[in-house]
Amino acid sequence: MTDRRIRKTEQALQNAFAELIREKELPMITIRELCEKADINKSTFYLHYRDIYDLASSMKRQFLNDCYRIITKYDVLEFAANSTEIWTDILKLFHEKNNAHIAFINSPSILALAPTLEEGILSPLMEKAKNDHPELSQDSLQKLRIAITFITSGSIGLLQSIDFEDLPEAIRFISTQLQNGF
């Protein structure tokens with residue numbers, strides 16, 4: 001378990017970063033302004049992260065891990081049928097993180113950082129599908145990968161294209177369409 005002071009410092013840095021990334025692109029954020037906003041010393045920042053890109057990658061990794069954890073509560077073959085619950089849980093995650101993840105979705109410079117969507121969600125999800133369903137043929141796995149890629153990429157596109165306040169209604173609509181077929 002991480003020390004409470006370390007968690008508090010990392011949370012302050014992440015919150016400050018989330019605010020700054022809404023205002024400007026990643027290369028334009030300085031460690032000095034981040035530390036001022038987080039109310040910590042630069043030396044404290046360097047105890048936790050190598051540079052601003054390390055912080056962004058760490059936050060992105062956590063975001064993808066959180067999404068993967070939510071998705072894998074459900075059987076991968078029931079992804080579409082459980083889309084309402086999955087989306088609801090992801091929305092709760094956004095609210096728990098004070099909507100900091102929205103900034104990641106809308107920042108091309110962060111989307112380009114490691115880990116990629118492929119590394120963070122798609123490949124692990126396909127591995128889980130192979131382990132959970134050894135009866136699936138290569139063809140079935142390939143079709144599943146296509147479907148998951150479509151849904152995941154579409155979800156990110158949806159998050160990028162609408163206001164966060166409109167998201168619950170959009171999710172209800174998309175979930176219904178997924179369950180009933182377009």
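Residues numbered from 1 in each chain as written. Predicted model: local features only at pLDDT ≥ 70, side-chain atom pairs only at ≥ 80, totals over all residues. Heavy atoms only, no water.

In this section: the packing of helix H5 (residues 83–96) against helix H10 (residues 167–180). Each pair of packed helices can be described by the angle between their axes along with the distance between the axes. The N-to-C vectors of H5 and H10 enclose an angle of 155 degrees; their axes lie 9 Å apart at closest approach. Judged on the interaxial angle alone, H10 and H5 are roughly antiparallel. Considering the relative orientation of H5 and H10, their crossing is right-handed. On H10, the residues that touch Ser83, Thr84, Trp87 and Leu91 of H5 are Leu167, Pro168, Ile171, Ser175, Leu178 and Gln179. Split by residue class, the contact of H5 with H10 holds 6 nonpolar, 4 polar and no charged. (Axes fitted to C-alpha atoms, helices over the stretch in contact; angles between N-to-C directions. Helix = DSSP H or I, 4+ residues; strand = E, 2+ residues; numbered from the N terminus. Parallel < 35°, antiparallel > 145°, perpendicular 65-115°, else oblique. Left-handed = near helix turned anticlockwise from the far one by under 90°. Contact = heavy atoms within 4.5 Å. Nonpolar A, V, L, I, M, F, W, Y, C, P; charged D, E, K, R; others polar.)

Okay, the confidence of the model for the protein chain next. Across the protein chain, pLDDT averages 85, with 95% of residues at or above 70. The spread of mean pLDDT over the elements of the protein chain runs between helix H6 (residues 100–105), the lowest at 70, and helix H2 (residues 31–38), the highest at 97. (pLDDT = per-residue confidence, 0-100.)

Turning next to helix H1 (residues 4–23). Given 3.6 residues to a turn, an α-helix orients residues that are three or four positions apart in the same direction. Between its first and last C-alpha, H1 extends 29 Å over 20 residues, near the 28 Å set by a 1.5 Å rise per residue. Taken as a whole, H1 has its buried residues at Thr9, Leu13, Gln14, Ala16, Phe17, Ala18, Leu20 and Ile21. The N-terminus of H1 is capped by Asp3, whose side-chain oxygen sits 2.7 Å from the backbone nitrogen of Arg5. (Expected span 1.5 Å × (residues − 1). Buried < 20%, exposed > 50% of the residue type's maximum accessible area, 1.4 Å probe, protein only. Polar contact = N/O pair within 3.5 Å; in protein donor to acceptor, adjacent residues only side chain to side chain.)

Here the focus is the packing of aromatic side chains. In total, this model carries 2 aromatic pairs according to the counting rule given. A centroid spacing of 5.3 Å and a plane angle of 85 degrees characterise the contact between Phe45 and Tyr46, whose relative ring orientation is edge-to-face. Judged by its relative accessible area of 0%, Phe45 falls in the buried class. On the basis of an interplanar angle of 40 degrees and a centroid distance of 5.8 Å, the ring pair of Phe45 and Tyr49 is categorised as tilted. (Phe/Tyr/Trp six-rings, centres within 6.5 Å; stacked < 30°, edge-to-face > 60°.)

Across the interface, helix H8 (residues 117–132) lies against helix H9 (residues 138–161) with an axial gap of 11 Å and an inter-helix angle of 145 degrees. In this structure, the crossing between H8 and H9 has a hand that is right-handed. Residues Leu117, Glu118, Leu122, Ser123, Leu125, Met126, Ala129 and Lys130 of H8 touch H9, and the partners they reach there are Leu141, Leu144, Arg145, Ile148, Thr149, Thr152, Ser153 and Ile156. Among the residues making up the contact of H8 with H9, the classes are represented as 9 nonpolar, 4 polar and 3 charged.

To continue, consider H9. When the terminal C-alpha atoms of H9 are compared, their 34 Å separation across 24 residues agrees well with the 34 Å that a helix rising 1.5 Å per residue should span. Of the positions making up H9, those classed as buried are Leu141, Leu144, Ile148, Ile151, Thr152, Ser155, Ile156, Leu158 and Leu159.

On to the environment of Ile121, then. With respect to the helices, strands and loops of the structure, Ile121 is situated in helix H8. Considered as a pair, Ile121 and Tyr68 are 53 residues apart in the sequence and their alpha carbons are 5.8 Å apart. Apart from residues no more than four positions distant in its own chain, Ile121 is found in contact with Leu64, Cys67, Tyr68 and Ile71.

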